[in-house]
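These are the residues of each chain, in order.
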Amino acid sequence: MLPAQHYHQPPAGAVLAALHEISARYGYLPQDELRQTALSLGVPLSQMVSAASFYAAFSFRPCGRHKLQVCEGTACYVKGAAALMQHLSAALGIAPEQSTQDLLFMLKRVRCVGSCGLAPVVRLGDETFGRVTTADLDALLARYRE
Ligand code: FES
């Protein structure tokens, strides 16, 4: 830790840009990387942690490689999103916002991904799937486990 007089205000956005860079490199924010980056930017570690804590996009723990996002917006909820989430949770053995032990999948809740007409909607990586059934989910998991 540096004495307070050694800290300075980095250029606007530098902390956020650094957080994105670390997250892209590791898939999460390892503590040692945060500490090193805070030193090189000349900001307190607490500033890095505080900024990272504010945004849901950052994680302090390793995350599953494939993010499974179940939309729980109103249209999807009415069309059975809760059952899909329960099914995935049981199939993967994890709760929402957790990753599988092999770090293959991470299960996430999201609110309206803008495809309400296709409800219920699940996203896996960059792909969006509509009118999803539990059988579809089993097929998806099998495809990504191969
Ligand atoms: S509520 Fe699910 S896509 Fe809009």
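Our subject is the structure that appears above.
Summarised in this report is the structure supplied together with it. (Residues numbered from 1 in each chain as written. Predicted model: local features only at pLDDT ≥ 70, side-chain atom pairs only at ≥ 80, totals over all residues.)

### Brief notes about the nonpolar core
Formed by 18 residues in total, the largest nonpolar core has its most connected members in Leu68, Val70, Leu84, Leu88 and Val122. When contributions to this core are tallied by element, the ones reaching two or more residues are strand 1 (66–71), helix 5 (81–92) and strand 2 (105–110). Of the residues forming this core, the biggest block, five residues, is contributed by helix 5. Among the nonpolar cores identified, the runner-up in size contains eight residues, and Ala18, Leu19, Val43 and Ala52 belong to it. (Core = buried A, V, L, I, M, F, W, Y, C linked by C-beta atoms within 7 Å. Buried ≥ 20, exposed ≤ 12 C-beta atoms within 10 Å, placed from the backbone. Helix = DSSP H or I, 4+ residues; strand = E, 2+ residues; numbered from the N terminus.)

### Some points on the sheet that holds strand 4 (residues 127–129)
To summarise the sheet geometry, strands pair through backbone hydrogen bonds and adopt either a parallel or an antiparallel arrangement. Strand order in this open sheet of four strands is 2-1-3-4, and the pairing throughout is mixed. The two strands at the open ends of the sheet, each matched to only one other strand, are strand 2 and strand 4. Each strand axis lies, on average, 20° off the axis of its neighbour in the sheet, ignoring direction. Alignment of strand 3 (residues 122–124) against strand 4, held across three bridges, turns out to be antiparallel. Directly across from leucine 124, in strand 4, lies its bridge partner glutamate 127. Strands strand 1, strand 2 and strand 3 of the sheet are contacted by helix 5, whose axis makes an angle of about 150° with strand 1. (Pairing = 2+ DSSP bridges. Axes fitted to C-alpha atoms, helices over the stretch in contact; angles between N-to-C directions. Contact = placed C-beta atoms within 7 Å.)

### Remarks on the environment of cysteine 63
In this structure, cysteine 63 sits in the loop between helix 3 (45–54) and strand 1. Judged by the 20 C-beta atoms lying within 10 Å of it, cysteine 63 falls in the buried class. A sequence separation of 39 residues divides cysteine 63 from alanine 24, and the C-alpha atoms of the two residues are 12 Å apart. Leave out the neighbours within four places in its chain, and cysteine 63 touches Gly27, Tyr28, Ser99 and Met106.

### Some words on helix 5
Relative to the 16 Å expected for 12 residues at 1.5 Å per residue, helix 5 spans 16 Å between its end C-alpha atoms, a close match to the ideal helical length. Within helix 5 the residues assigned to the buried category are Ala81, Leu84, Met85, Leu88 and Leu92. Along the axis of helix 5, the buried positions cluster into a sector of 100°, meaning they face one direction only. Structural note: helix 5 exposes Ala83 and Ala90 on the side pointing more than 90 degrees away from its buried face. Elements in contact with the buried residues of helix 5: strand 1, helix 4 (74–78), strand 2, strand 3 and helix 6 (134–145). Backbone geometry just after helix 5 places glycine 93 at a positive phi near 70°. (Expected span 1.5 Å × (residues − 1). Arc of directions from axis to C-beta.)

### Description of unusual backbone geometry
Of note, the bond from alanine 119 into proline 120 is cis; its omega dihedral lies within 30 degrees of zero at 0°. Take proline 120: it is sitting in the loop between strand 2 and strand 3. Positive phi values are uncommon outside glycine, yet glutamate 97 reaches one of about 75°. Relative to the elements of secondary structure, glutamate 97 occurs in the loop between helix 5 and strand 2. Here glutamate 97 falls in the exposed class, since 12 other C-beta atoms lie within 10 Å of it. For arginine 131, which is not a glycine, the phi torsion comes out positive at approximately 50°. With respect to the secondary-structure elements, arginine 131 resides in the loop between strand 4 and helix 6.

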